[in-house]
Amino acid sequence: MNTFAQLYGGPSEGEWAAPGRVNLIGEHTDYNLGFVLPIALPQTVRAEAARRTDGLLRLWSAQGGELVALRVEDLAPGSVPGWAGYPAGVAWALREAGHQVGGADLRLDSDVPSGAGLSSSAALECVVAAAYNDLYGLGLPAAELAVLAQRAENAFVGVPCGIMDQMASMCCHPGAALFLDSRDLSMRQVPVDLAGAGLALLVLDTRVKHDLGDGAYAALRAGCERAAALLGLPALRSLQPSGLDDALARLPSELVPLVRHVVTENARVEAAVARLDAGDPAALGPILTAGHASLRDDYRVSCPETDLAVEAALAAGAHGARMTGGGFGGSVIALVDADAAEHVAAEVTAAFRTAGYAEPRTLTAVPAEGARRLR
Ligand code: ADP
Ligand code: MG
């Protein structure tokens, strides 16, 4: 066994956990400084950790293979290949921000599916940020740790993600969705009582991740930034639905569907929050389905597998369904009657089998707690 003591020859000082997430609605809006509405999953990355005084950062993950040893003062963007780049990037980002942190021994383990659009990468960063924050007595608030975790992924690993995933993993509350304004990181916990309404949220992991995703994400981001610049706006968030038609008439045709998605998606987040505030979570269904159509037809980040999962879930009686996460594969969420969850999952699985796709992995998402210390 690879217990902490067996790996590192002594006890850990504590254990922390940070969850994966699913986003209810608000996709590709965070980097446009708009709204998102994620929930944290019960699935977490856990870290047992202890400080070291010699400046070494040693990392081992049950999902990672060999133990990795690095010198914190030598950490530089792009210098750490593979999975260890995420935790190392957090130590780097903390030091870059002027925090006096040194080495540590970390033992990681996770039940967040990796590469499934459920943000295992953010969970990994956030659990390390939470552990460092406590071990070194930094006292940083959760939102600040989320920003540093995002910086680790953007600048150290080199993935240009927005702020949603790290904020969800750090700041979500159990039983609630996080209504986050990506412009100023103001947030509100919006109660989501699915069980009380006889509902369940199915997560259908398509288990595909199409390679074009990485380059496409950067190109979409650049397209949004160009559109905002042409419209004289700081970000597409500033464009209101009432001004959309005028704005679209002033843009080159290739940017029109991108802008339409972002503006209508922000409005869908606000509509979803209003329905949740009114205690009517079933009314999220059509909003989710409209969001999927916008991602498929306007933003063009869906793929045959996610489209099929959405269609099969709707045909099996789901109130609504959409891809969640960046797209080009990953997971689909479906809002279903609790007593129909197994039926919907079985129907989607059957549709995948008929299409010759690998069977999707299914979980039920219950809004869970953000990053925390376990002991
Ligand atoms: P997602 O965030 O949607 O799961 P990403 O491609 O952004 O997908 O992140 C997945 C990567 O994060 C993995 O390839 C691996 O490098 C890293 N990772 C996530 N969880 C773990 C873990 N428990 N142990 C080691 N590496 C992990
Ligand atoms: Mg990720």
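Look up a bit, the structure's there.
Remember, predicted model here, so these are calculated numbers, not experimental data.

Scoring rules and cut-offs
Residues numbered from 1 in each chain as written. Chains lettered and ligands numbered in written order. Predicted model: local features only at pLDDT ≥ 70, side-chain atom pairs only at ≥ 80, totals over all residues. Heavy atoms only, no water. Phe/Tyr/Trp six-rings, centres within 6.5 Å; stacked < 30°, edge-to-face > 60°. Buried < 20%, exposed > 50% of the residue type's maximum accessible area, 1.4 Å probe, protein only. Near = heavy atom within 4 Å. Polar contact = N/O pair within 3.5 Å; in protein donor to acceptor, adjacent residues only side chain to side chain. Areas by Shrake-Rupley, 256 points an atom, 1.4 Å probe, with all protein chains shown as cover. Helix = DSSP H or I, 4+ residues; strand = E, 2+ residues; numbered from the N terminus. Nonpolar A, V, L, I, M, F, W, Y, C, P; charged D, E, K, R; others polar. Expected span 1.5 Å × (residues − 1). Contact = heavy atoms within 4.5 Å. Pairing = 2+ DSSP bridges. Axes fitted to C-alpha atoms, helices over the stretch in contact; angles between N-to-C directions. Salt bridge = Lys/Arg side-chain N within 4 Å of Asp/Glu carboxyl O.

> Talk me through the packing of aromatic side chains; I want residue IDs and the actual numbers.
Taken as a whole and assessed by the stated rule, the structure comprises six aromatic pairs. A ring pair is formed by Phe352 and Tyr357, whose centres lie 5.4 Å apart and whose planes are at 75 degrees; its orientation type is edge-to-face. Classification of Tyr357 as partly exposed rests on a relative accessible area of 27%.

> Describe the site of ligand 1, with residues and values.
Neighbouring residues of ligand 1: 16 residues in total, closest Ser61, Gly115, Ser120, Ser121 and Lys209. One of the side-chain nitrogen or oxygen atoms of Lys209 is found 2.6 Å away from an oxygen atom of ligand 1. In isolation ligand 1 has 570 Å² of accessible area, and contact with the protein removes 80% of it. Ranked by residue count, the leading element in the shell around ligand 1 is helix α3 (residues 120-135), at three residues. Tallied by class, residues from the shell around ligand 1 come to six nonpolar, nine polar and one charged.

> Kindly report on helix α10 (residues 304-315), identifying the contributing residues and their values.
Here α10 contains 12 residues, and its C-alpha end-to-end distance of 16 Å stays within 8% of the 16 Å for a straight helix at 1.5 Å per residue. Check the buried side of α10 and you find it contacts β9 (199-209), α9 (284-299), β10 (320-324), β11 (329-337) and α11 (341-355). Of the residues trailing α10, Gly317 is marked for its positive phi of about 105 degrees.

> Can you tell me about the sheet that holds strand β2 (residues 35-36), naming the residues and giving the values?
With antiparallel pairing, three strands are arranged side by side in an open sheet as β2-β7-β8. Each of the sheet's edge strands pairs with one partner strand only, and the pair in question is β2 and β8 (186-191). The pairing of β2 with strand β7 (residues 176-181) spans two bridges and is classified as antiparallel. Its bridge partner lying in β7, Val36 is registered against Leu180. The strands that helix α8 (residues 256-277) touches are β2, β7 and β8; relative to β8, the one it contacts most, it runs at about 45 degrees.

> Could you give an account of the pattern of salt bridges, with specific residues and numbers?
For the structure shown, the criterion picks out 24 salt bridges. A salt bridge links Arg375 to Glu48; the nearest nitrogen and oxygen atoms lie 3.1 Å apart. Placement of the pair is Arg375 in the segment after β13 (372-373) and Glu48 in strand β3 (residues 38-52), with a sequence separation of 327 residues. For the salt bridge of Arg296 with Asp297, the shortest nitrogen-to-oxygen distance reads 2.8 Å. Take Asp297: its relative accessible area is 41%, and that puts it in the partly exposed class. Overlapping salt bridges bring together Glu15, Glu48, Arg107 and Arg375 as one network.

> Lay out helix α4 (residues 142-157) with the relevant residues and their values.
Taking 1.5 Å as the rise per residue, α4 with 16 residues should run 22 Å; its terminal C-alpha atoms sit 21 Å apart, in good agreement. If you check which residues of α4 are buried, you get Leu145, Ala146, Leu148, Ala149, Gln150, Ala152, Glu153 and Phe156. Buried positions along α4 lie against α2 (85-96), α3 and α5 (164-171).

> Now, about unusual backbone geometry: what can you tell me, with residues and values included?
Phi at Arg207 is positive, roughly 60 degrees, even though this residue is not glycine. The residue Arg207 is located in strand β9 in this model.

None of the figures reported here should be taken as evidence of function without further support.
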